[in-house]
Amino acid sequence: MTTAPRPLSAWARNISPSPTLAVDAKAKAMLAAGEDVCSFAAGEPDFDTPDHIKEACITALRGGKTKYGPTAGMESLRAAIAESYATNYGLKVTPAQVIVSPGGKYSCYLAILATCSPGDEVIIAAPYWVSYPEMVKLAGAVPKFVLTPDTTGFKLTPAQLEQAITPRTRLVILNSPSNPTGAVYTRAELAAIVAVAVKHNLYILSDEMYEHLVYDGAKPVCVATLSPEAEARTLIVAGFSKTYSMTGWRLGMLIAPASITKACVELQSQMSSNPTSFAQFGALAALTEKDKTAAALKVMLTAFDRRRKFLHDELNRIPGVKCLLAEGAFYLFPNISSFGLTSADFCAKLLEQEKVAAVPGSAFGAEGYLRLSYATSDEIIRKGVERLARFCASLKR
Ligand SMILES: *Cc1c(COP(=O)(O)O)cnc(C)c1O
C-alpha cells in the first residue's frame, strides 16, 4: 500500500512566484519561438556589463579566486562601498556596517529577517516591488498595504503612514526611486515620512537600488542621512544590478548600524556562506575605476532618458491613457482604468492581440495600471507603443 506524500509546508504553499519574472519569461519564450513580440516586461537594463568590470572578474578567476570568501564580503569591497557613501552622500560608515550579499533581493530579505518576528506588521506602500510582501510573509510577519495613487504621484504621505501604524508595526519599507512607478521622493518628503517612523520607533528598510538612475536633475536621497535618529534605525539596501547592468552577477549590499549588520552577517553565514568570490572583484572595479564606470553609466542614462520622454509622450497621446513622467528607475506606470478591464485582462489581451508584453498593475498591488519598462531598444519601444495605441483604440471606453 502506498500513501500519498504529505502536503508541502505552509511556506511553500503560500508563496506567490514573481509575476514580473513570469511575464518576462513568457515574452522571452515567445521571442525564442520566433514570434514578433515587443516586450516592456524587462526588469533589468538592456546594456551589457561594462568591459572593465568583466575584465576584473576574469582576472580574479584566472588568479584562482574561486574559494569561499569572508561571509560579509571582501574587505576591500566593503571599504570601497563605505567610501562611496562618504563621497556620494557625506554619510560616514565603517566597513563593519556594510555587508555584501548575493543580490539586492537577498539584502532585502536579510533586512526583514533581522528586524521582524512572526506576527509583526510591516508597512508597504502600493504600488510595491513584488518581492516585499512575499519576503515579509516568509519571515512570518504581516504585510500592511497603503495605496498611493497617481493623483498623489504614487508617494506615501506622512498622514497615511501615521494611520497605518499599530502597536504591532515593526518596519516600514521605502523605495525611492521606485520600482514599479519610477517615482522619486524629494528630501523633504522623505524627511517628513521618516519623522513619523522615528516617532513610532519603527525600523526603516530603504531600498535605494535605483539611486543612480534619476533624470531631470532629480537627486537621490540616502535615507540614513536625514537625521541621526533615522540613521540609527535605517537599513539601506542598494546594489550593482541596476546601476552597472550586473543583474546576473547576483551581488547586492546592505548598510546599517553595526549591530544590525552583524545580525545580517550571522543570518547570511547560515543561508549562503558568502557572496560569489570572483564576482566581487568586478563590483570592486565598478566602484574603484571611477572614470570608466561613470562613462558607461552616462551612456546608459542618456539612452534611458531619451526613451523615457518618448514613451511618456506617446502614452499620453493615446485616448484613455494617462501617464506621469517618472523621474527615476526605468519604468513608467500608466493609468489604464478608463478601459474598464482588470490590468491582468488588459495585459493578457494585449499580448494575445498585439504581441506586446507588459506587467499588470495588480502584480504590484495597484489595479488600473500597467508597468512598462523602457530598458529595451528605441525600436521596440516605438513599435510597441504603436501597437498599444491600436489595441487601446480597439477597446470600448
Ligand atoms: C531589481 C531590484 C532589487 C534587487 O536587485 P538584485 O538583482 O537582487 O540585486 C531590489 N529592489 C528593487 C526595487 C528592484 O527593482
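Chains are numbered independently. Their residues run from 1 in the order of the written sequence. For a predicted model such as this one, the threshold for reporting local features is a pLDDT of at least 70, and the threshold for listing and counting side-chain atom pairs is 80 or more; totals across whole chains, interfaces and linings nevertheless cover every residue. Values reported for side chains reflect all heavy atoms of the structure, with hydrogen atoms and water molecules removed beforehand.

Peer 1: Explanation requested: the overall build of the protein in the structure shown.
Peer 2: Helix and strand assignments come from DSSP, with helices taken as H or I runs of at least 4 residues and strands as E runs of at least 2, each series counted from the N terminus. When helices and strands are tallied, the protein shows 14 helices and 12 strands. With respect to the three principal axes, the spread of C-alpha positions in the protein is 70 × 60 × 50 Å. With 397 residues in all, the protein has 54% of them scored as buried. Contacts spanning at least 24 positions in sequence make up 75% of the contacts within the protein whose residues lie at least 6 apart. Total accessible area computed for the protein in this model is approximately 17200 Å², and 57% of it derives from carbon and sulfur atoms. Only four residue types enter the charge count: Lys and Arg as positive, Asp and Glu as negative, with His and the chain ends excluded. Charged side chains are reduced to one point each, which is NZ for Lys, CZ for Arg, CG for Asp and CD for Glu. In the protein, the 41 positive side-chain charges and the 36 negative ones have mean positions that sit 3 Å from each other. Only protein chains enter the calculation, and the probe is 1.4 Å; a residue is then buried if its accessible area is under 20% of its type maximum, exposed if over 50%, and partly exposed in between. Contact between two residues is taken to exist if any of their heavy atoms lie within 4.5 Å; hydrogens are not considered. Residue exposure ignores everything except the shown protein chains as possible cover, and the areas themselves are Shrake-Rupley values with a 1.4 Å probe.

Peer 1: Help me out: how do you make sense of the site of the ligand in this one?
Peer 2: For this purpose, a residue is taken to be near a molecule or strand whenever a single non-hydrogen atom of the residue falls within 4 Å of it. Close to the ligand lie 14 residues, the nearest being G104, D207, Y210, K242 and R250. Between the ligand and R250, the relevant distance is 2.8 Å, taken from an oxygen atom to a side-chain nitrogen or oxygen of the residue. For the ligand, whose free accessible area comes to 390 Å², the fraction covered by protein is 94%. Just so you know the grouping, Ala, Val, Leu, Ile, Met, Phe, Trp, Tyr, Cys and Pro go in nonpolar, Asp, Glu, Lys and Arg go in charged, and all remaining residues, Gly too, go in polar. Taken together, the residues of the shell around the ligand break down into 5 nonpolar, 5 polar and 4 charged. Within 3.5 Å is the distance limit for a polar contact, defined as a pair of N or O atoms, with the added protein rule that one can donate a hydrogen and the other accept it, and that residues adjacent in sequence qualify only through two side-chain atoms.

Peer 1: Honestly, the packing of aromatic side chains in this entry has me stumped. Any pointers?
Peer 2: One pair of aromatic rings is described through two measures. These are the centre distance and the angle between the planes. Between rings of Phe, Tyr and Trp, where Trp is taken as its six-membered ring, a pair exists when centres lie within 6.5 Å; planes separated by under 30 degrees are stacked, by over 60 edge-to-face, and by other angles tilted. Scanning the entire structure with this criterion turns up 16 aromatic pairs. A centroid spacing of 5.8 Å and a plane angle of 80 degrees characterise the contact between F47 and F304, whose relative ring orientation is edge-to-face. Of this pair, F47 sits in the loop between β1 (38-39) and α3 (51-62) while F304 sits in helix α12 (residues 290-317); the two residues are 257 residues apart in sequence, bridging distant segments of the chain. Classification of F304 as buried rests on a relative accessible area of 0%. Grouping aromatic residues by their ring pairs yields a cluster made of F47, Y210, F304, F330, Y331 and Y374.

Peer 1: Could you clarify how one ought to interpret the sheet that holds strand β6 (residues 203-207) in this entry?
Peer 2: Two pairing modes exist for strands in a sheet, parallel and antiparallel, and in both the strands are linked by backbone hydrogen bonds. Paired strands are those between which DSSP finds at least two bridges. Taking strand neighbours across the sheet as the criterion, the 7 strands line up as β2-β8-β7-β6-β5-β3-β4 in an open arrangement whose pairing is mixed. Looking along the sheet, the strands with just one partner apiece sit at the ends: β2 (98-101) and β4 (142-147). Geometrically, the sheet is characterised by an average inter-axis angle of 20 degrees between neighbouring strands, direction not taken into account. In this structure, strand β3 (residues 121-126) lies alongside strand β5 (residues 169-174), joined through 4 bridges in parallel fashion. Note that in β5 the partner of I123 across the bridge is V172. Interaxial angles span 0 to 180 degrees and are taken between N-to-C directions of axes, which are lines fitted to C-alpha atoms, for helices over the stretch in contact.

Peer 1: Could you clarify how one ought to interpret the sheet that holds strand β9 (residues 331-332) in this entry?
Peer 2: If you trace the 3 strands from one edge of the open sheet to the other, you get β9-β12-β11, paired in antiparallel fashion. Each end of this open sheet is capped by a strand with a single partner; those strands are β9 and β11 (359-360). The pairing of β11 with strand β12 (residues 370-373) spans 2 bridges and is classified as antiparallel. In the strand pairing of β12, V359 is matched with R371.

Peer 1: What should I look at first to understand the pattern of salt bridges in this one?
Peer 2: Oppositely charged side chains are able to pair whenever their charged atoms sit close together. A side-chain nitrogen of Lys or Arg and a carboxyl oxygen of Asp or Glu constitute a salt bridge if their distance falls within 4 Å. On inspection of all chains with the given rule, the structure shows 25 salt bridges. Residue D216 pairs with R308 through a salt bridge whose shortest N-O separation is 2.8 Å. Taken as a pair, D216 in the loop between β6 and α9 (228-233) and R308 in helix α12 lie far apart in primary sequence, 92 residues in all. D378 is the partner of R306 in a salt bridge, and the nearest nitrogen-oxygen pair spans 2.8 Å.

Peer 1: Please clarify how unusual backbone geometry should be interpreted in this entry.
Peer 2: Note: most residues except glycine have negative phi, and most peptide bonds are trans. A cis amide bond links A126 with the next residue in sequence, P127, at an omega value of 0 degrees. With a phi angle near 60 degrees, A329 is a residue other than glycine that sits in the positive phi range. Following the sequence through the fold, A329 ends up in the loop between α12 and β9.

Peer 1: Would you take a moment to explain the nonpolar core for this structure?
Peer 2: Inside soluble globular proteins, nonpolar side chains tend to come together where they are buried. Side-chain atoms within 4.5 Å are what join buried Ala, Val, Leu, Ile, Met, Phe, Trp, Tyr and Cys residues into a set we call a nonpolar core. In terms of nonpolar packing, the biggest core is built from 66 residues, with I112, I173, L213, L311, L315 and F346 touching the most fellow members. An automatic or database domain assignment provides the domain bounds reported here. In this structure, this core is formed jointly by two domains, domain 1 (10-49 + 293-396) and domain 2 (66-288), each of which donates at least three residues. Beyond its immediate stretch of four places on either side in the chain, F346 contacts I336, F339, L341, L370, L388, F391, C392 and L395. Formed by 29 residues, the second largest nonpolar core is a distinct cluster that contains L77, V98, C222 and L251.

Peer 1: Can you walk me through the environment of S377 in this structure?
Peer 2: Within the element layout of this structure, S377 appears in the loop between β12 and α14 (378-394). Its relative accessible area of 29% is what places S377 among the partly exposed residues. Along the sequence, S377 and D46 sit 331 residues apart, while their C-alpha atoms lie 7.7 Å from each other. Setting aside residues up to four positions removed in sequence, S377 forms contacts with D46 and R307. Of the polar contacts made by the side chain of S377, one reaches the backbone nitrogen of I380; its length is 3.1 Å.

Peer 1: I would appreciate a short explanation of the environment of I99 in the present structure.
Peer 2: With respect to the helices and strands, I99 occurs in strand β2. Along the sequence, I99 and V237 sit 138 residues apart, while their C-alpha atoms lie 9.8 Å from each other. With sequence-adjacent residues up to four places away left out, I99 is seen in contact with A72, L110, G252, M253, L254, T261, C264, V265 and Q268.

Peer 1: Where do I start with the domain arrangement of the protein in this structure?
Peer 2: For interface size, the figure often reported is the accessible area lost on association. Assigned domains of the protein: these are domain 1 (10-49 + 293-396) and domain 2 (66-288). Listed per partner, the contact involves 40 residues of domain 1 and 39 residues of domain 2. When two parts are brought into contact, each loses some accessible area as probed by a 1.4 Å sphere; the total of that loss over both is the buried area. Of the roughly 3000 Å² buried where domain 1 meets domain 2, counting both sides, 60% is carbon and sulfur surface. Interface area lost by domain 1 to domain 2 is led by T49, E327 and F364, which between them contribute 19%. Our count for the contact surface shared by domain 1 and domain 2 stands at 1 salt bridge.

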